[in-house]
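Here are the chains, one letter per residue:
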Amino acid sequence: MGVEVPCLKVRFRAFSPNRLIERASRSRAKQLAAMIRVRCLRGGSRGAESAHFLGHLVRRTVAGWVQKSFQSTQTAAAATASENSADHKDKAEDCPVCSYNEWDSLEEVIVGRPENACVPPFTVEVKANTYETNWPFYQKYGGHSFPKEHVKKAVAEIDEMCNVLLGEGVIVKRPELIDWSEHYKTPDFESTGMYAAMPRDILLVVGNEIIEAPMAWRARFFEYRAYRPLIKDYFLRGAKWTTAPKPQMSDKLYDMDYPVHSVEDRNKLAAEGKFVTTEFEPCFDAADFMRAGRDIFVQRSQVTNFQGIEWMRRHLAPTYRVHTLSFKDPNPMHIDATFNIIGPGLVLANPDRPCHQIEIFKKAGWTIIYPPTPLIPDDHPLWMSSKWLSMNVLMLDEKRVMVERDETTIQKMFEKLGIATIKVTIRHANSLGGGFHCWTCDIRRRGTLQSYFD
């Protein structure tokens, strides 16, 4: 590079300072630097690499002169920044991933797969998130497939759900089929897998960014693999792609002696802020977050710790504000069957799990709707969830909602709100741990970033 320095000196002598200033006042510093670089090339510079280096030096030098000599150049720079901002907005609008809330018009969605679903091994984090009546089921089937006939019915239900979404004009994508019974081992733990049934648990879309959650169950450590082909495609087409820090999932992440023998125990521990996950490292499930434009709400739960919440807060700041909510819930895990924001100024709040910070919404003028008691029969198996999946609905837009066909009382509630119900049966799919919101991850909604709390 030493031979280029004389060239730089010669060409600077070829210009008078007055001419430099005159040109800077008529053009941006970037254009001036490009012009000087071209002249150096004509004077014998050796190749594009040298020209790039010289252009970089000249841009820095000229920028300093212009900043000191002309205030008007700052105005030009501001105009350039405005143009760049407009370009960025155009790119965001063209991005295949874009969703700011839970209710704008749905254009594209990922729907999970029940195929090959396996019961997770009965480890401490699973035990803490399941009720004692189901423990014999986990002890019998842990590490093996869910009952095959039940899964077969769930597959048919979810396939029909996809057909209904397609009929409503929504693009539907599905994760890869994977054998989840395969045993794996890391330096810190060993397990079998679980499923790719609940994309809402692992993927969080914020604007044009798709975030992979680190999750807290060992059986779900490699769940991201089923979604990678889709995410890579979105990335190649312009989406932002972030993977949160993957936890080690050693015993230090869990309270290995966590007492979970009764609902009373759980209520007491949750009230004291004690959970099966510790603060050893960040962990969170995406389903513990609920989006409302610039404001995102999250709960500290059995699978989402404060370090995970803080990681998200820092990652999304300053554009987004992350607020922590808490509920009277003996088994907090995933917010969307407890607190579901279904429209601007409209919240479904579980009457059995009251929110301790509900005044935030009341003061903002939001309407709080308490859904009716679910109608799902007591004898229906719910191995990984509660009856309140009735409120785990998917908004197709502000005036359309996908709801369980047999939950007639909540259908009437929506109709009174002026929201049309799209009825689909997923009772067997419910048994695997989720309702319509859980079984989906909205990739694109037709809307813009707004603030609903200012």
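Think of each chain on its own: its residues are numbered from 1, step by step along the sequence as written. Side-chain atom pairs in this predicted model are given and counted only at pLDDT of 80 or more, local residue features only at pLDDT of at least 70, and totals for whole chains, interfaces and linings cover all residues. Computation of side-chain values: all heavy atoms of the structure, hydrogens and water removed.

## Some details on the overall build of the protein
And then number 1: Put simply, DSSP H or I for four residues or longer makes a helix, DSSP E for two residues or longer makes a strand, and each gets a number counted from the N terminus. Tallying secondary structure elements over the protein gives 15 helices and 17 strands in all.
And then number 2: A total of 454 residues make up the protein; the buried ones form 54% of that total.
And then number 3: Across the protein, the fraction of contacts at a sequence separation of at least 24, relative to all contacts at a separation of at least 6, is 72%. We call a residue buried when its accessible area falls under 20% of the maximum for its residue type, exposed when it is over 50%, and partly exposed in between, using a 1.4 Å probe and counting protein chains only. Contacts are assigned to residue pairs with any non-hydrogen atoms lying within 4.5 Å of each other.

## A look at the packing of aromatic side chains
Centre-to-centre distance and the angle between the planes together describe a pair of aromatic rings.
And then number 1: Here the aromatic set is Phe, Tyr and Trp, taking the six-membered ring for Trp, and pairing holds for ring centres within 6.5 Å; pairs whose planes are under 30 degrees apart are stacked, those over 60 apart are edge-to-face, and all others are tilted. According to the stated counting rule, one finds 23 aromatic pairs in the structure shown.
And then number 2: Ring centres of Phe122 and Tyr138 lie 5.9 Å apart, and the angle between their planes is 20°; this geometry places the pair in the stacked category. Taken together, the positions of Phe122 in the loop between strand E1 (105-111) and helix H6 (124-127) and Tyr138 in helix H7 (residues 135-141) put the pair 16 residues apart, joining distant regions of the chain.
And then number 3: Note on Phe122: relative accessible area 25%, which makes it partly exposed.
And then number 4: Taken together, the ring pairs in this structure connect Phe122, Trp135, Phe137, Tyr138, Tyr141, Phe146 and Trp383 into an aromatic cluster.
And then number 5: Sitting over the face of the ring of Trp135, Lys127 holds its NZ or CZ atom 4.8 Å from the ring centroid.
And then number 6: By the criterion adopted, a ring carries a charge over it if an Arg CZ or a Lys NZ lies within 6 Å of its centre and within 35 degrees of its normal. Against the face of Phe306 rests Arg300, its NZ or CZ located 5.6 Å from the ring centre.

## Observations regarding the pattern of salt bridges
And then number 1: A carboxyl oxygen of Asp or Glu within 4 Å of a side-chain nitrogen of Lys or Arg is what we treat as a salt bridge. In total, this model carries 27 salt bridges according to the counting rule given.
And then number 2: Between Asp233 and Arg237 there is a salt bridge, with the nearest N and O atoms lying 2.8 Å from each other.
And then number 3: For Asp233, a relative accessible area of 32% corresponds to the partly exposed category.
And then number 4: Residue Arg237 is classed as partly exposed on the basis of its relative accessible area of 41%.

## Focus: the pairing of strand E14 (residues 394-397)
And then number 1: Pairing between strands is defined by DSSP: at least two bridges between them are needed. Pairing geometry for E14 and strand E15 (residues 400-404), over 3 bridges, is antiparallel. Paired with Asp397 across the bridge in E15 is Arg400.
And then number 2: What sits between E14 and E15 in their antiparallel hairpin is a turn of 2 residues.

## Brief notes about empty space enclosed by the protein
And then number 1: In this analysis the probe radius is 1.4 Å and the grid spacing 1 Å, with only protein atoms considered; a cavity is a set of points the probe fits into but cannot get out of, a pocket is an open set with protein on both sides within 12 Å along at least five of seven lines, and lining residues have an atom within 4 Å of a point. Grid points are joined across faces, edges and corners, and a volume is the space filled by probe spheres set on the points. Counted by the stated rule, this structure contains 3 cavities of 30 Å³ or more.
And then number 2: Within this model, the largest cavity holds a volume of roughly 360 Å³.
And then number 3: Along its surface, the largest cavity is lined by 26 residues, and Asn331, Met333, Met384, Ser385 and Ser386 are the ones closest to its centre.

## Some details on the sheet that holds strand E17 (residues 440-446)
And then number 1: If you walk across this open sheet you meet the 3 strands as E2-E1-E17, and the pairing is mixed. Each end of this open sheet is capped by a strand with a single partner; those strands are strand E2 (171-173) and E17. Within the sheet, the average angular offset between the axes of one strand and its neighbour, ignoring direction, is 20°.
And then number 2: Strand direction decides the pairing type here: E1 and E17, joined by 6 bridges, are antiparallel. Its bridge partner lying in E17, Ser105 is registered against Arg446.
And then number 3: Between N-to-C directions, angles span 0 to 180 degrees; the directions come from axes that are lines fitted to C-alpha atoms, helices contributing only their stretch in contact. The sheet strands contacting helix H8 (residues 148-167) are E1, E2 and E17, and the helix crosses E1 at an angle near 155°.

## As for helix H14 (residues 408-416)
Since there are 3.6 residues in each turn of an α-helix, residues three or four apart along the chain are aligned in direction.
And then number 1: Taken together, the buried positions of H14 are Ile410, Gln411, Met413 and Phe414. Down the axis of H14, the smallest arc covering the buried residues is 155°, so these residues share one side. Residues of H14 that are exposed and point more than 90 degrees away from the buried face comprise Lys412 and Lys416.
And then number 2: Looking at the buried positions of H14, the neighbouring elements they touch are strand E11 (339-343), strand E12 (346-349), strand E13 (367-369), E15 and strand E16 (420-424). As used here, the arc belongs to the directions running from the helix axis to the C-beta atoms.

## Points about the side chain of Ser105
And then number 1: In this fold, Ser105 is placed in strand E1.
And then number 2: The class for Ser105 is buried, based on a relative accessible area of 18%.

## Considerations on the environment of Pro114
And then number 1: Following the sequence through the fold, Pro114 ends up in the loop between E1 and H6.
And then number 2: Distance from Pro114 to Ala429, taken between C-alpha atoms, is 7.6 Å for residues 315 residues apart in sequence.
And then number 3: Apart from the residues within four sequence positions on either side, Pro114 is in contact with Val151, Ala154, Val155, Ile158, Arg174, Leu432 and Trp439.

## Overview of unusual backbone geometry
And then number 1: In the segment running from Ala317 into Pro318, the intervening peptide bond is cis, with an omega of 0°.
And then number 2: Summarising the element assignment, Pro318 is placed in the loop between helix H12 (306-316) and strand E10 (321-325).
And then number 3: At Met249, a position not held by glycine, the phi torsion is positive, near 60°.
And then number 4: For Met249, the location among the structural elements is in the loop between strand E7 (240-243) and helix H11 (263-271).
And then number 5: The phi torsion at His334 lies on the positive side, around 75°, for a residue other than glycine.
And then number 6: Its place among the elements puts His334 in the loop between E10 and E11.

## Concerning helix H10 (residues 228-236)
And then number 1: All of the buried residues along H10 are Leu230, Ile231 and Tyr234. Down the axis of H10, the sector holding all buried residues measures 95°, keeping them to one side.
And then number 2: In this fold, the buried residues of H10 make contact with E1, E2, strand E5 (203-206), strand E6 (209-212), E7 and E17.
And then number 3: In the stretch just after H10, Gly238 is the one whose phi turns positive, near 120°.

## A word on the sheet that holds E12
And then number 1: Pairing is mixed across the open sheet formed by 3 strands, whose spatial order is E11-E12-E13. With one partner strand each, in any of the chains shown, E11 and E13 form the two edges of the open sheet. With strand direction ignored, the average angle separating the axes of adjacent strands in the sheet is 30°.
And then number 2: In this sheet, E12 lies alongside E11 in antiparallel orientation, the contact comprising 4 bridges.

Any functional reading would require information that these geometric values do not contain.
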